[in-house]
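Chains, contacts and geometry: an overview
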Amino acid sequence: MDSSFYLYNSLTRTTELFTPLVPGKAGMYVCGPTVYSNAHLGHARPAITFDLLYRYLLHLGYQVRYVRNITDVGHLEDEAEETGEDKIAKKARLEQLEPMEVVQKYMNTFHRNMADLNTLPPGIEPRASGHIIEQQVMIRRLMEKGYAYGINGSVYFDVVKYDRDFRYGILSGRNLEEMMSNSRQLEGQQEKRNPYDFALWKKAAPEHIMRWPSEWSEGFPGWHLECSAMSTKYLGEVFDIHGGGMDLQFPHHECEIAQSTAVLGHPTVRYWVHNNMITINGQKMARSLGNFITLDELFSGNHPLLTQAYSPMTIRFFILQAHYRSTLDFSNEALQAAGKGLEKLMKAVALLDKLKTSGSSSADISALEQKCSEAINDDLNSPVLIAHLFDGVRIINSVYDGSVTLTAEDLEKLRKLFYTYVFDILGLKNESSGTAQPELISGLVELAMQIRTNARNNKDWGTSDFIRNELARIGIVVKDRKDGFEWEIKGD
RNA sequence: GGUUCCUUGGCCGAGUGGUUAGGUAGCGGUCUGCAAAACCGCGUACGGCGGUUCGAUUCCGCCAGGGACCUCCA
């Protein structure tokens, strides 16, 4: 099996052959959510993108350490303003909850949504609030090395000094001098030596609940610091993959690079991988823009913009049908199309067990295998992979209809191909409504169909159609075939 | 204003210097008692204007439109 896996590296802006730091092992850190409200469609993009990457690395035989953090402290409403309030703390105030209740509430929802989307849980899911010590240690080291300065109980990262010794802006392609000459002057940042310096430690205002003691002040860590501290703690000073949304490239990931490099003297991440955004009416879907649809709303159809509910697998398939580095535009029409396509794919998979084999094959399964492998190896090109799988769908349906033949060996190969790509790698699963009493239902349907078959034998089309129509009305679809009939419970 | 990306058929969305992406929707056909499903076929898609080339949707330039980042964001 060809395992030359190529991945686009945002840092070098090229597609590179993936070679792990340690043969047979892969380390991956992905920026998780800030848990202060419900997860929306946009959050499904990185979750599914990096789930695909995780699953594919596992498929290739790597022992993968997958770390995805939960930001539960330190994320300010407005980094630039001195008045910036911690997002969690703000929500806690609004909902009259303990900050940790807010965190737990939305973390639970996030986990439920992720499980619904059939994403595999990360191996380690560290929380910022659980790594205050590690972050403080890092601040201390940054201060010792002269890359951080304290003032009025807060500590800031010295971007200018860092830029002199290394270079600030390598990931986002920015130049500090240009940035400074082009930036508008913001009010209320007198504490910092430079507007692009960012907080490592913030002194907590008297009313601030989330606070930890430190030699600088009672306060809390800055947002960017947690990822630097936790990624190196669990993955080492150099690790393979760091993922996240493109919108995190600057400043978040840029600051992470600066912090880690300043402490260690060398870069830590080998492949930076960024997923693109989901748009709605051509605009990025974001909590702060207010144009978002939560995953629960999508699953229930309970949102003014939704004409119907969409199942988790429809959402997953919708996302996988676009390349992860392209924007993906939300619309009901697009989601419905994805749902229909997924249904077609899953029906074909179910058909694999009903196919008859022949002495010879009239379809080239090996060629299909090759194409699928090439697609996924080409920077996780899931849309092309899916296109090839639909070629396989046509083969399956044609074999079922008898216009294409397969040997037992080829059929086994095709079955393995579909199971591997559809279930293991793309992470799709069957959602057919697990009805409560399948035996009772099938017994009743079989009874009705027996009556219908008798009617058909007597060319009593009226009775035949009546039974078919009535079954359809309660959601059971009848399909007549040359040699009998089939029926199935229609999914939503 | 700075940096950067995008513009593909009704919709979503791949891709390529000359050959079918795929899904969905539409149309025609096969099959069927009629359907459904499936299969087969179809519709002159590559924002505009120039250039390079034997040949450009694909490369270059200009123009138009849109997006992302430069605040928090997946």
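Residues numbered from 1 in each chain as written. Chains lettered and ligands numbered in written order. Predicted model: local features only at pLDDT ≥ 70, side-chain atom pairs only at ≥ 80, totals over all residues. Heavy atoms only, no water.

Description of the domain arrangement of chain A
Here chain A is partitioned into domain 1 (8-275), domain 2 (280-425) and domain 3 (438-489). A separation of 58 Å is found between the C-alpha centroids of domain 1 and domain 3. (Domains from an automatic or database assignment.)

Thoughts on the pairing of strand β9 (residues 239-245)
Most of β9 sits inside the fold, with seven of its seven residues counted as buried. Of the strand pairs in this sheet, strand β3 (residues 25-30) and β9 are connected by three bridges, and their pairing is parallel. Bridged to Y29 within β9 is H242. Note: β9 against strand β10 (residues 269-275), six bridges, orientation parallel. Bridging across to β10, H242 finds its partner in W272. (Buried < 20%, exposed > 50% of the residue type's maximum accessible area, 1.4 Å probe, protein only. Helix = DSSP H or I, 4+ residues; strand = E, 2+ residues; numbered from the N terminus. Pairing = 2+ DSSP bridges.)

Section: the packing of aromatic side chains
Under the defined criterion, the tally for this structure stands at 16 aromatic pairs. Taken together, a centroid distance of 6.1 Å and an interplanar angle of 35° make the contact between Y149 and Y156 tilted. Like Y149, the residue Y156 is buried in the burial classification. When the ring centre of F250 is taken as origin, the NZ or CZ atom of R174, which lies over that ring, is 4.1 Å away. Residue placement shows R325 over the ring face of Y324; its charged tip is 6.0 Å from the ring centre. (Phe/Tyr/Trp six-rings, centres within 6.5 Å; stacked < 30°, edge-to-face > 60°. Lys NZ or Arg CZ within 6 Å of the ring centre and 35° of its normal.)

Regarding the nonpolar core
In this structure, L298, I315, L414 and F418 are the most contacted members of the largest nonpolar core, which totals 96 residues. The dominant element in this core, judged by the number of residues it contributes, is helix α1 (residues 41-59), at 10 residues. There are two domains that each give this core at least three residues, and those are domain 1 (8-275) and domain 2 (280-425). Look past the residues within four positions of L298 in its chain and what remains in contact with it is L41, I293, L306, A309, Y310, I315, F330 and L335. (Core = buried A, V, L, I, M, F, W, Y, C linked by side-chain atoms within 4.5 Å. Contact = heavy atoms within 4.5 Å.)

Remarks on the pattern of salt bridges
Opposite charge on two side chains permits them to pair, given that their charged atoms come into close proximity. By the definition in use, this model includes 26 salt bridges. Two residues, R415 and E412, come together in a salt bridge whose shortest N-O distance is 3.1 Å. Taken together, the residues R415 and E412, both in helix α14 (residues 408-425) and three residues apart, mark about one turn of the helix. With relative accessibility at 42%, the residue E412 sits in the partly exposed group. Salt-bridge contacts for D480 lead to R452; the nearest nitrogen and oxygen are separated by 2.9 Å. With D480 in strand β14 (residues 476-481) and R452 in helix α15 (residues 438-457), this pair connects stretches of sequence that are 28 residues apart. (Salt bridge = Lys/Arg side-chain N within 4 Å of Asp/Glu carboxyl O.)

A look at the side chain of S10
Looking at where S10 falls in the secondary structure, it is placed in the loop between β1 (6-9) and β2 (14-17). For S10, the side chain forms a polar contact with the side chain of H274, separated by 2.8 Å. When near neighbours in sequence (up to four residues on either side) are disregarded, S10 contacts L171, Q249, W272, V273 and H274. (Polar contact = N/O pair within 3.5 Å; in protein donor to acceptor, adjacent residues only side chain to side chain.)

Notes on the sheet that holds strand β8 (residues 219-221)
One open sheet accounts for four strands, arranged β5-β6-β7-β8; its pairing is antiparallel. Taken across any chain shown, the strands that pair with only one partner, and hence form the sheet edges, are β5 (148-151) and β8. Here the strands of the sheet are splayed against their neighbours by 20° on average, with no regard to which way each runs. By the bridge criterion, four bridges tie β5 to strand β6 (residues 154-157) in an arrangement that is antiparallel. (Axes fitted to C-alpha atoms, helices over the stretch in contact; angles between N-to-C directions.)

Looking at a nonpolar patch on the surface
Together, L440, L444, L447 and I451 make up an exposed nonpolar region whose accessible area comes to about 390 Å². Judged by relative accessible area, which is 47%, L447 ranks as partly exposed. (Patch = residues over 30% accessible without salt bridge, like charges linked within 9 Å, V, L, I, M, F, W, Y side chains within 5 Å. Areas by Shrake-Rupley, 256 points an atom, 1.4 Å probe, with all protein chains shown as cover.)

Overview of the sheet that holds β9
Read across the open sheet, the four strands follow the order β4-β3-β9-β10; overall the sheet is parallel. With partners counted over all chains shown, the strands left at the sheet margins are β4 (63-68) and β10, one partner each. Averaged over all neighbouring strand pairs, the angle between strand axes comes to 20°, with direction disregarded.

Examining helix α4 (residues 132-144)
Think of an α-helix as 3.6 residues a turn; residues three or four steps apart then line up on the same face. For α4, which comprises 13 residues, the first-to-last C-alpha distance of 18 Å matches the rise-based estimate of 18 Å (1.5 Å per residue) to within 8%. Those residues of α4 not exposed but buried are I132, Q135, Q136, M138, I139 and L142. Take α4 and look down its axis: the buried residues cluster within an arc of 160°, on one side only. Counted as exposed and oriented over 90 degrees from the buried face of α4: I133 and E144. As for α4, its buried residues are in contact with β5, β6, β7 (199-203), β8, α7 (223-235) and α8 (249-264). After α4 finishes, the residue G146 shows a positive phi value of roughly 85°. (Expected span 1.5 Å × (residues − 1). Arc of directions from axis to C-beta.)

Description of the environment of R394
By the element assignment, R394 lies in helix α13 (residues 382-401). Classification of R394 as exposed rests on a relative accessible area of 54%. Remark: the alpha-carbon pair of R394 and V404, spanning 10 residues in sequence, is separated by 9.6 Å.

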